[in-house]
Amino acid sequence: MNRLPVWIDGDPGVDDAAAIFVAHDREELQIVGISAVAGNAPLDITTKNALCLCDMMQADYPVYRGASGPLMRAYEDGADFHGADGMGGTNLPAPKRSAETQSAWDALYEEAKKHDGKLEVVAMGPLTNIALALSKYPDLKNLIHRIAIMGGSVTRGNRTPCAEYNIFADPDAAQIVFRSGVKVVMCPLEVTEQAYLTAQELEALRTTEKGEFYYQASKHILAKNLEAGHEGFCIHDVCPVLYLAREDIFKGEDAGVFVETQSNLTLGKTVCDLYSDKQFDVKNTFVALEIDREAFVEAVSRAMK
Ligand code: BDR
Ligand code: CA
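Residues numbered from 1 in each chain as written. Chains lettered and ligands numbered in written order. Predicted model: local features only at pLDDT ≥ 70, side-chain atom pairs only at ≥ 80, totals over all residues. Heavy atoms only, no water.

Undergrad: Outline the packing of helix α1 (residues 14-25) against helix α2 (residues 43-57), listing residues and values.
TA: Here α1 crosses α2 at 40 degrees, and the two axes come no closer than 11 Å. One finds that α1 runs oblique with respect to α2. Helix-helix and strand crossings are classified by hand; for α1 and α2 the assignment is right-handed. Facing A17, I20, F21 and H24 of α1, the residues of α2 in contact are L53, M56 and M57. (Axes fitted to C-alpha atoms, helices over the stretch in contact; angles between N-to-C directions. Helix = DSSP H or I, 4+ residues; strand = E, 2+ residues; numbered from the N terminus. Parallel < 35°, antiparallel > 145°, perpendicular 65-115°, else oblique. Left-handed = near helix turned anticlockwise from the far one by under 90°. Contact = heavy atoms within 4.5 Å.)

Next up, the structure:
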């Protein structure tokens, strides 16, 4: 099987960790680089976590440092959900190696040039690194096949009543990505909240070292998700990875999507024309709306083995 070359950008982050495990596990995908961005935790911590996850998988993927904050706004972490260490208080030991010296955006560009327009980008944190790469290298948009993101929502929000965290954290960067001309695959809250593990399913992971780590890292978020009325722990970031590997388990629609960057009230809203009489001029985005949850649970469980 020809594996799709995949660049992973994220802010690990408990759900980012599962997404990296899944990407590593899938025979359809080949990770070619991982870049960290400030998001769920500050940049030093998300970079450290990316390296530690590689150690756990015994993988030598190059890891790059990216942006330490949003393009134009103040940085706010996600410690309330992910803990100060970004990994639910598991406090991973120091990684065995360091991050590469090249920046995330330079490395992404260099890697994209090698793949003849076939590089897939997964973005599962604030979109700062990807926006910086697209802005610094205007031809990068022709070298990337798709950008699959966890971010945004069609109808609702989790950071504000209408904005999802990754988009709200850097709306200006997100707008650059949606306006870039690269096809975006958006996994909004509507689909990522179907991608959950119940308490029993999470407990069942505990038979392996990775699974036990994952249980410990996510048990606090599980409790918060249950409190908020979800049926389990939503592992949002697995969706864009799984979309690239198993498009067949998703349903969705093409739509026009752009980002609100001006209004205080609706900052970071992904304005999507799916349910509107009036449409944008372009369908720049495939919006995933449904996932086969059984296949999702199977993929996450397999990746923890
Ligand atoms: C997104 O926000 C982060 O906290 C998660 O890692 C995920 O990428 C969900 O809104
Ligand atoms: Ca994330």
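Once you've had a look at it, read on.
Undergrad: Go over the environment of E290 with me, naming the residues and quoting the values.
TA: Within the fold, E290 resides in strand β12 (residues 285-291). Separated by 97 residues in the primary sequence, E290 and E193 place their C-alpha atoms 9.7 Å from one another. Among residues more than four places away in sequence, those in contact with E290 are V191, Q194, I249, F250 and K251.

Undergrad: A description of the packing of helix α4 (residues 104-113) against helix α5 (residues 128-136) should follow, citing residues and the corresponding values.
TA: The description of two helices packed together rests on the angle between their axes and the distance between the axes. Running from N to C, α4 and α5 cross one another at 65 degrees; their axes reach a closest spacing of 8 Å. Judged by the sense of rotation from one axis to the other, the crossing of α4 with α5 is right-handed. Two secondary-structure elements touch here, α4 through A104, W105, D106 and L108 and α5 through N129, I130, L132, A133 and K136. Among the residues forming the contact of α4 with α5, the class breakdown is six nonpolar, one polar and two charged. (Nonpolar A, V, L, I, M, F, W, Y, C, P; charged D, E, K, R; others polar.)

Undergrad: Tell me what's going on with the sheet that holds strand β9 (residues 250-255), and back it up with residues and numbers.
TA: Sheet strands associate in pairs through backbone hydrogen bonding, adopting either a parallel or an antiparallel arrangement. Sheet architecture is open: eight strands sit in the order β3-β2-β1-β4-β5-β6-β12-β9, paired in mixed fashion. The sheet is open, and its two borders are formed by β3 (63-65) and β9, each paired with just one other strand. In this sheet, adjacent strand axes meet at a mean angle of 25 degrees when their direction is disregarded. Lying on the sheet, α1 is in contact with β1 (4-10) and β2 (29-36); it crosses β2 at an angle near 150 degrees. Across the sheet, helix α7 (residues 171-178) lies against β5 (144-150), β6 (183-187) and β12, angled at about 130 degrees from β6, the strand it touches most. (Pairing = 2+ DSSP bridges.)

Undergrad: Kindly report on the layout of surface pockets, identifying the contributing residues and their values.
TA: In this structure, the largest pocket encloses a volume near 530 Å³. Forming the walls of the largest pocket are 28 residues, and the residues nearest its centre are F81, H82, N158, Y165 and H236. Mapped onto the lining of the largest pocket, the elements with two or more residues apiece are α1, α3 (79-82), α6 (165-169), α10 (209-227) and β8 (233-234). Per-element accounting of the lining of the largest pocket gives the leading share, three residues, to α3. Residue classes in the lining of the largest pocket are distributed as eight nonpolar, nine polar and 11 charged. Its volume calculated, the second largest pocket comes out at about 320 Å³. Of all elements in the fold, only α2 and α10 reach the threshold of two or more residues within the lining of the second largest pocket. A class-by-class count of the residues in the lining of the second largest pocket yields eight nonpolar, two polar and five charged. (1 Å grid on protein atoms, 1.4 Å probe; cavity = no way out; pocket = protein on both sides within 12 Å on 5 of 7 lines; lining within 4 Å. Points joined across faces, edges and corners; volume = space filled by probe spheres on them.)

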